[in-house]
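Notes for the structure review
Here are the chains, one letter per residue:
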Amino acid sequence: MEEKRNFTVSVYTENNIGLLNRLSAIFLKRHINIESMTVSKSEIEHVHRFTFVVIVPETLIRKVVLQLEKQIEVIGTFYHTEEEIIYQETALFKLSTEFMYDERIQNKLKLRRAHVVTITKNYFVIEASGLKGDIDKMYDRLKPYGLLQFVRSGRIAISRPKMAISDLLIEN
Amino acid sequence: MDTLKKETQKGKTIKATKISGAEAVVKCLLEEGIDLVYGYPGGAIMPVYDELFKYKNQLHHVLTRHEQGATHAAQGFARVTGKTGVVFATSGPGATNIVTGIADAQIDSTPMVCITGQVSSHLLGSDAFQETDIVAISTPVTKWNYQITKASEIPEILAKAFYIAKSGRPGPVLVDITKDAQFEEIDFSYKRCEKIRSYKAVPKFNIEKIKEAASVINSAKKPFIVWGQGVLLGKAEKEFKTFMEKTDIPSASTALGLSAIESKHRLNVGMVGMHGNYAPNVLTNECDVLIAIGMRFDDRVTGDLSRYAKQAKIIHFEIDPAEVDKNVKTDVAVLGDVKQTLSEVLKFVNKGNHKNWLNEFNKLYQIEYETIIENQFNPTKEGLTMGEVINRINKETKGDAVIVSDVGQHQMFACRYADFINTRSSVTSGGLGTMGFALPAAIGAKMGVPNREVIAVIGDGGYQMTIQELGTILQTKAAVKIVVLNNSFLGMVRQWQELFFDKRYASTVMTNPDFVKIAEGYGIEANRVKNRGDLNTAIQKMVASKSSYFLEVVIEKEDNVFPMIPTGASVSDIRLS
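Residues numbered from 1 in each chain as written. Chains lettered and ligands numbered in written order. Predicted model: local features only at pLDDT ≥ 70, side-chain atom pairs only at ≥ 80, totals over all residues.

Section: the domain arrangement of chain A
By the assigned domains, chain A splits into domain 1 (4-85 + 156-171) and domain 2 (88-152). Averaged C-alpha coordinates put domain 1 of chain A and domain 2 of chain A at centres separated by 31 Å. (Domains from an automatic or database assignment.)

As structure tokens, then:
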């Protein structure tokens, strides 16, 4: 049994309705759970970028990437291992203002390079960015204070190797 | 009328006065050279049907009896002509009824454009009458799909639809058009689509790979070719034959590749796969180089992958990059259109001589003939066999007919025993295995090649899944010949129950109606054969008929298809009994 690994799949596409459905269906067809997903514009005008994170064997991700690539409105698809990318996730934590001046929380903020984005009479919101593990740790530490709300973004990633989308567009 | 004709001259960008979206749909089809559409009207597509009425002299519409029938008819038409089949259906149930045909066309790479009506755009998402999200439903089984909500999108989207359906590896495209977009008026102009920036229809071939493939082929001692439908889809029959003959390599077909090379060609060693021929299956595991051409290593072809051609170097000529290394790891992948790549590789391959190796195929064929085929063609048992019926059809048609088969035992008999002398003569539902495919597909095939004999070979089970299409024959007078091989069983499932479920025949026994009376009810001349002595005359009479004809042949009830590779077994463990 081939080892499962974390892969970040970057899919550059046209900006069309329904494409998310078409791409996610390809993961569904092979019974693959999507760990995280982000959609945004890319470095090229009118080209969108889907970033999926999945945990699968490499032989499988290679096949999935070819299936993604095959979709008419997909311009290019790439997959990378954790070592090949620089990535971040962002999280927001909402806590009661009574803990605002708690020294332990203050220390945690410094340690994680997190910062407070909003303070009201009743609650305050901390924003933290980092690797999934960092956010998980932060979550564990803040949980005892009674998290009022928590949300984490999908992964955003920049690859170390080149993803030559502009070249693909010119070639076609 | 004159101006209209001028306007619709092919290939030109045309400008005209304001027309409705519905009329634009019809004009787009005419621009694409479409003159035949299969479909079924309903509320959400009525504006388009109203235009069909006006354009009936230019665009012929065939009313099937069920939307699924429309899709299979379009598939049959596409498979024998190489053109794109077109289907119209309404929203809701009309749209969901075409899903099976779309899935079938997707897995068998058939070019098809389906146009569905949709509720008006202001009603989308409101669970309106006959609203269904057909774009979402059809996404996993279409090459591309799109929902049009503005008439101005119609020309560009339909141009894209036809380009995508037909180019590269063909497939089905669905375009859903809201009713308000059909009514809305636009200035119509049309330009054929020739390119989509995010879509590469045919990958550029790499000359180094061609040379590498040629060098592997030139040094092979026991090379073996398995070809698939890619040869037909790429219209590369001639190039393939030249390549096969020059290299002198024994070649076998997948079920969908049948008829690309005449059955009796000395290098054609039959069909691979679960019920394919003995020699090509066994020798798959003895060849030193396996050359796969326009095929996708379906599990019904390969059996257990871990014991499939492990000793051989694999060369894969393929148009779809996603098929390379999907099931079988390739040593040399030659991407591109086979028509082009085969012509290229031909320049580098040496003239071969594999007489002794071909003899090994012939020896194994003798074994298969003596243990299986002889008993099918000249049975000693009283009951009629499916094999002798197909053999008899061969004799009467001299292999010149289009054989459309359904799914099940009779399909395997048809694929194994039908003789083909012309390309595009075998139409069957391979990948999806859709029972009910053959009758409507045969209607479409007959309309595609009206001068050829088209014979649908169907089991008693599958026949009843789309039997209502006899109504389409009645109305269109399509001269389809229908042969129902009736064993009063769902034969293939029964065979599996016999072999793998200790003969527990759960729900495979069929109590059938009087098929002859039914055919006659639809105005089709019909006959039933129960005895061997009557078979020849009955088939002669059927083939001689100028109009549609129905022939029921009562078959031995518990006959099995052999050889057989049981699920999970290796190709070389193929069973002869």
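The discussion continues.
Quick look at the interface of chain B and chain A
Of the residues lining the interface, 15 residues belong to chain B; the matching set on chain A comes to 16 residues. Split into classes, the residues belonging to the side of chain B that touches chain A amount to nine nonpolar, two polar and four charged. (Contact = placed C-beta atoms within 7 Å. Nonpolar A, V, L, I, M, F, W, Y, C, P; charged D, E, K, R; others polar.)

A few points about the nonpolar core
Counting residues in each nonpolar core, the largest one holds 174 residues, and the members touching the most others are Val25 and Ala456 of chain B. Residues contacting Ala456 of chain B, with those up to four places away along its chain left out, are Val404, Ala438, Leu439, Ala442, Val480, Lys481, Ile482 and Val483 of chain B. Listed in part, the 20 residues of the second largest apolar core include Leu23, Ile61, Leu68 and Phe78 of chain A. (Core = buried A, V, L, I, M, F, W, Y, C linked by C-beta atoms within 7 Å. Buried ≥ 20, exposed ≤ 12 C-beta atoms within 10 Å, placed from the backbone.)

With respect to the sheet that holds strand E7 (residues 172-178) of chain B
All names here are of chain B. Read across the open sheet, the six strands follow the order E3-E2-E4-E5-E7-E6; overall the sheet is parallel. Both edges of this open sheet fall to strand E3 (60-63) and strand E6 (144-148), since each of them pairs with a single strand only. When the angles between neighbouring strand axes are averaged without regard to direction, this sheet yields 20°. (Pairing = 2+ DSSP bridges. Helix = DSSP H or I, 4+ residues; strand = E, 2+ residues; numbered from the N terminus. Axes fitted to C-alpha atoms, helices over the stretch in contact; angles between N-to-C directions.)

Regarding the packing of helix H10 (residues 207-218) of chain B against helix H15 (residues 338-346) of chain B
Residue and element names in this part refer to chain B. Interaxial distance between H10 and H15 falls to 9 Å at its minimum, and their mutual angle equals 60°. Judged on the interaxial angle alone, H15 and H10 are oblique. When you trace H10 past H15, the crossing you get is right-handed. Side by side, H10 and H15 meet where Ile210, Ala213 and Ala214 of the first sit next to Thr341, Glu344 and Val345 of the second. Within the contact of H10 with H15, the residues separate by chemical class into four nonpolar, one polar and one charged. (Parallel < 35°, antiparallel > 145°, perpendicular 65-115°, else oblique. Left-handed = near helix turned anticlockwise from the far one by under 90°.)

As for the environment of Met510 of chain B
All names here are of chain B. With respect to the helices and strands, the residue Met510 is situated in the loop between helix H22 (491-500) and helix H23 (515-521). Residue Met510 is classed as partly exposed on the basis of its 17 C-beta neighbours within 10 Å. Sequence spacing of Met510 and Asn487 is 23 residues, and the spatial spacing of their C-alpha atoms is 8.6 Å. Aside from chain neighbours lying at most four places away, what touches Met510 is Asp460, Gly461, Ser488, Phe489 and Leu490.

Considering H22 of chain B
Residue and element names in this part refer to chain B. Listing the buried residues of H22 in full gives Gly491, Met492, Arg494 and Gln495. Seen end-on, H22 carries its buried residues on one side only, within an arc spanning 160°. In this fold, the buried residues of H22 make contact with helix H18 (409-417) and strand E17 (454-459). Of the residues trailing H22, Asp502 is marked for its positive phi of about 45°. (Arc of directions from axis to C-beta.)

Some thoughts on the pairing of E17 of chain B
Residues and elements named next belong to chain B. Counting buried residues in E17 gives six out of six residues, a clear majority hidden from the surface. The two faces of E17 match: Val454, Ala456 and Ile458 on one face and Ile455, Val457 and Gly459 on the other face are all buried. For strand E15 (residues 402-405) and E17, the ladder comprises four bridges, and the chain directions are parallel. Each bridged residue has a counterpart across the sheet, and for Val404 the counterpart in E17 is Ala456. With five bridges connecting them, E17 and strand E18 (residues 481-486) associate as parallel partners.

Comments concerning the confidence of the model for chain B
Residues and elements named next belong to chain B. Chain-level pLDDT for chain B is 96 on average; 97% of the residues reach the 70-or-more range. Across residues 1-9, confidence stays below pLDDT 50; counting only partners more than four residues off in sequence or on other chains, it has five contacts. Interface scoring of the predicted complex returns ipTM 0.91; its pTM is 0.95. (pLDDT = per-residue confidence, 0-100.)

So, the sheet that holds strand E4 (residues 74-80) of chain A
Residues and elements named next belong to chain A. Read from one edge to the other, the open sheet built from four strands follows the order E2-E3-E1-E4, with strand pairing classed as antiparallel. The open sheet is flanked by strand E2 (34-41) and E4, the only strands paired with a single partner. Taking each pair of neighbouring strands and ignoring which way they run, the sheet shows an average axis angle of 15°. Here 11 bridges tie strand E1 (residues 4-14) to strand E3 (residues 47-57), and the two strands are oriented antiparallel to one another. The residue bridging Glu14 from the neighbouring strand is Val47, located in E3. Of the strands in this sheet, E1, E2 and E3 are in contact with helix H1 (residues 19-29), which crosses E2 at around 155°.

Structural notes on helix H4 (residues 132-142) of chain A
Residue and element names in this part refer to chain A. Considered for burial, the residues of H4 that qualify are Ile135, Met138 and Leu142. What you see down the axis of H4 is that its buried residues fit within an arc of 60°, all on one side. Pointing more than 90 degrees away from the buried face of H4 are the exposed residues Gly133 and Asp140.

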